[in-house]
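Overview (structure and organization)
Here are the chains, one letter per residue:
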Amino acid sequence: EFTLPAGSRPFDIISGPDNSLWVGAWGNDRIIKLGTDGSQTSYDLGAGADPRGLAVGADGNVWFVGDIRTFGYVNPSTGEVTIIPEDVVGAGSGLY
């Protein structure tokens, strides 16, 4: 059993490349990694991101798409969050 941070509204949950569970915490702009050992790691995506879709890419990163034209990934090895600017993805890409 896991207790998520206050304000979290789990929207998507996937099995990550390391067999942990990754949760899109819509409502507090985070992705939360739930480890098989009971650990919990939170990745801040920035205000208004509200992640709504998660997927593991062929590159091993956990990719997400959020509310306010937020698109990017978390590198599970380093914990680094990368937000891809809207002008790189493009408004006509179908992601928004």
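First things first, this report covers the structure right here in the doc. From a predicted model like this one, the values you see are computed outputs, not experimental measurements.

**A look at the packing of aromatic side chains**
Taken as a whole, this structure holds three aromatic pairs when the rule is applied. Measuring from centroid to centroid gives 5.5 Å for Trp22 and Tyr43, while their planes differ by 15°, and the two rings are stacked. With Trp22 in strand E2 (residues 21–26) and Tyr43 in strand E4 (residues 40–44), this residue pair connects regions lying 21 residues apart in the sequence. Since its relative accessible area comes to 9%, Tyr43 is described here as buried. Consider the rings of Trp63 and Tyr73, whose centres lie 4.6 Å apart with planes at 45°: the pair is tilted. Taken together, the positions of Trp63 in strand E6 (residues 62–66) and Tyr73 in strand E7 (residues 71–74) put the pair 10 residues apart, joining distant regions of the chain. For Trp63, a relative accessible area of 24% corresponds to the partly exposed category. Aromatic rings pair up to connect Trp63, Phe71 and Tyr73 into one cluster.

**Topic: the nonpolar core**
Within the largest apolar cluster, 10 residues are counted, these being Ile14, Trp22, Ile31, Tyr43, Leu45, Ala49, Leu54, Val62, Phe64 and Val74. Sequence-distant contacts of Phe64, defined by excluding residues within four places in its chain, comprise Ile31, Leu45, Gly53, Leu54, Thr70, Phe71, Gly72, Tyr73, Val74, Thr82 and Ile83.

**Observations concerning the pattern of salt bridges**
The full count for this structure, using the stated rule, is one salt bridge. Ionic pairing is found between Asp18 and Lys33, a salt bridge with its closest N-O pair at 2.9 Å. Separated by 15 residues along the polypeptide, Asp18 in the loop between strand E1 (9–15) and E2 and Lys33 in strand E3 (residues 30–34) bring together distant segments of the chain. Given the relative accessible area of 35%, Asp18 is considered partly exposed.

**Some remarks on unusual backbone geometry**
Positive phi, normally seen in glycine, also occurs at Asn19, with a value near 70°. For Asn19, the position within the fold is in the loop between E1 and E2. Assessed through its relative accessible area of 58%, Asn19 is described here as exposed. Notably, Asp29 is not glycine yet its phi reads approximately 60°, a positive angle. Along the chain, Asp29 falls in the loop between E2 and E3. By relative accessible area, which is 15% here, Asp29 ends up buried.

Thresholds, definitions, all that
- The residue count restarts for each chain, going from 1 along the sequence in the order it is written.
- Local features in this predicted model are restricted to residues of pLDDT 70 or higher, and side-chain atom pairs are both shown and tallied only at a pLDDT of 80 or more, whereas totals for entire chains, interfaces and linings draw on every residue.
- With hydrogens and water excluded, all non-hydrogen atoms of the structure serve as input to the side-chain values.
- Any two of the Phe, Tyr and Trp rings considered here, Trp counted by its six-membered ring, make a pair once their centres fall within 6.5 Å; the pair's planes then place it as stacked at under 30 degrees, edge-to-face at over 60, or tilted in between.
- Secondary structure is summarised from DSSP: a helix means a run of H or I of at least four residues, a strand means a run of E of at least two, and numbering begins at the N terminus for each.
- We call a residue buried when its accessible area falls under 20% of the maximum for its residue type, exposed when it is over 50%, and partly exposed in between, using a 1.4 Å probe and counting protein chains only.
- To define a nonpolar core, start from buried Ala, Val, Leu, Ile, Met, Phe, Trp, Tyr and Cys residues and group those joined through side-chain atoms within 4.5 Å.
- In this description, contact between two residues means that some pair of their heavy atoms is separated by no more than 4.5 Å.
- The rule for a salt bridge is simple: a side-chain nitrogen of Lys or Arg has to be within 4 Å of a carboxyl oxygen of Asp or Glu.

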